[in-house]
Amino acid sequence: MKQKAIYPGTFDPFTNGHLDVLERALNIFEQVIVVIAENCQKNVLFTVDERVAMIREVVGDYPAVSVEVLHGGLLADYARQAGAKAIVRGVRQVKDFEYEFQMSLLNRHLYPEVTTVFLMPNVKYTYVASSIIREVALLGGDVSKFVHPCVLEKLHLKRDEANTK
Ligand code: PNS
């Protein structure tokens, strides 16, 4: 099977765990669109423009990857309009599954031709989540093993900004 998939998320910020899932998706799909959800009712650290710029830098070496934004609206509608029949989601632990299961069935209800594909990242990323990376980085902890250097640099800028307030 070689076709187009979307890989949606908040990506605040994009981590090496996300990159691992993306690389696995590229083994299956010809083209993957990373879709950054702008309005998903979460408190974010990075603006959508900052997230787009960071992810474009991280995936710069992958010609089969593009980075787009979901400016509100349903993911299922976005997938349909993009001609994507697959939604890729990373699942790290069993606790992720309940929400993912619900979301995948709802998306299938909204767009019956779409299939959600769950991919497990390398076990070394099992405990890596954007929320924990943000928290640790803003408190001065070392997260360099879990994010691309360009993301690390931006996290340090946010930390410095927070410390000068
Ligand atoms: O990785 P995240 O941050 O949990 O991403 C969740 C995301 C953005 C994929 C999800 O909230 C989403 O799909 N939002 C778009 C709005 C939508 O379609 N909601 C219904 C999904 S069933």
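The structure under discussion appears in the preceding block.
Residues numbered from 1 in each chain as written. Predicted model: local features only at pLDDT ≥ 70, side-chain atom pairs only at ≥ 80, totals over all residues. Heavy atoms only, no water.

### Examining helix α2 (residues 48–58)
What α2 keeps buried is the set V48, R51, V52, M54, I55 and V58. For α2, the secondary structure elements touched by its buried residues are α1 (16–26), β2 (31–37), β3 (65–70) and α6 (149–164). (Buried < 20%, exposed > 50% of the residue type's maximum accessible area, 1.4 Å probe, protein only. Helix = DSSP H or I, 4+ residues; strand = E, 2+ residues; numbered from the N terminus. Contact = heavy atoms within 4.5 Å.)

### A look at helix α3 (residues 75–82)
Burial in α3 covers these residues: L75, A76, Y78, A79 and A82. The buried residues of α3 occupy an angular sector of 160 degrees when the element is viewed end-on, so they sit on one face. Elements that come into contact with the buried residues of α3 comprise β1 (4–9), β2, β3, β4 (86–90) and α4 (94–110). Count one or two residues on from α3 and you reach G83, which has phi positive near 70 degrees. (Arc of directions from axis to C-beta.)

### Points about the packing of helix α5 (residues 130–138) against α6
It is the contact of α5 with α6, at a shortest axis distance of 9 Å, that shows an interaxial angle of 55 degrees. Relative to α6, α5 is oriented oblique. In the crossing of α5 with α6, the sense of the turn from one axis to the other is right-handed. Judged by residue contacts, I133, A137 and L138 of α5 engage L155, K158 and R159 from α6. Grouping the amino acids of the contact of α5 with α6 by side-chain chemistry returns four nonpolar, no polar and two charged. (Axes fitted to C-alpha atoms, helices over the stretch in contact; angles between N-to-C directions. Parallel < 35°, antiparallel > 145°, perpendicular 65-115°, else oblique. Left-handed = near helix turned anticlockwise from the far one by under 90°. Nonpolar A, V, L, I, M, F, W, Y, C, P; charged D, E, K, R; others polar.)

### Side note on the pairing of β1
The buried fraction of β1 is high, at five of six residues. Two elements, β1 and β2, share six bridges in a ladder whose sense is parallel. Residue pairing for β2: P8 is matched across the bridge by V35. Once you follow β1 into α1 and on to β2, the crossover reads as right-handed. Two elements, β1 and β4, share two bridges in a ladder whose sense is parallel. When the sheet's bridge partners are listed, I6 is paired in β4 with I87. (Pairing = 2+ DSSP bridges. Right-handed = clockwise from strand over helix to strand, strands pointing away.)

### Describing the packing of α2 against α6
The interhelical angle for the contact between α2 and α6, taken along N-to-C directions, is 150 degrees, at an axis separation of 9 Å. It follows that α2 is roughly antiparallel to α6 by the angle criterion. Within the contact between the two elements, α2 uses E50, M54, E57 and V58 and α6 uses C150, V151, K154 and K158. Tallied by class, residues from the contact of α2 with α6 come to four nonpolar, no polar and four charged.

### Some points on the site of the ligand
Around the ligand lies a shell of 14 residues, among which T10, A37, K42, L75 and R89 are the nearest. Taking L75, its main chain carries an N or O atom lying 2.8 Å from an oxygen atom of the ligand. Of all the secondary-structure elements, those providing two or more residues to the shell around the ligand are β1 and α4. Among the elements that take part in the shell around the ligand, α4 stands out by supplying four residues, more than any other. A class-by-class count of the residues in the shell around the ligand yields eight nonpolar, four polar and two charged. (Near = heavy atom within 4 Å. Polar contact = N/O pair within 3.5 Å; in protein donor to acceptor, adjacent residues only side chain to side chain.)

### Here we look at the nonpolar core
By size, the foremost hydrophobic cluster in this structure holds 38 residues, and its most contacted members are Y7, F14, L22 and V34. For Y7, the contacting residues outside a window of four places in its chain are F14, H18, V21, L22, V32, I33, V34, V35, V88 and G90. (Core = buried A, V, L, I, M, F, W, Y, C linked by side-chain atoms within 4.5 Å.)

### Side note on the packing of aromatic side chains
The geometry of an aromatic ring pair is captured by two quantities: the separation of the ring centres and the angle between the planes. Applying the stated rule across the entire model yields five aromatic pairs. With centroids separated by 5.3 Å and ring planes inclined at 55 degrees, the aromatic side chains of F11 and F14 adopt a geometry described as tilted. A connected cluster of aromatic rings, assembled from ring pairs, spans Y7, F11 and F14. (Phe/Tyr/Trp six-rings, centres within 6.5 Å; stacked < 30°, edge-to-face > 60°.)

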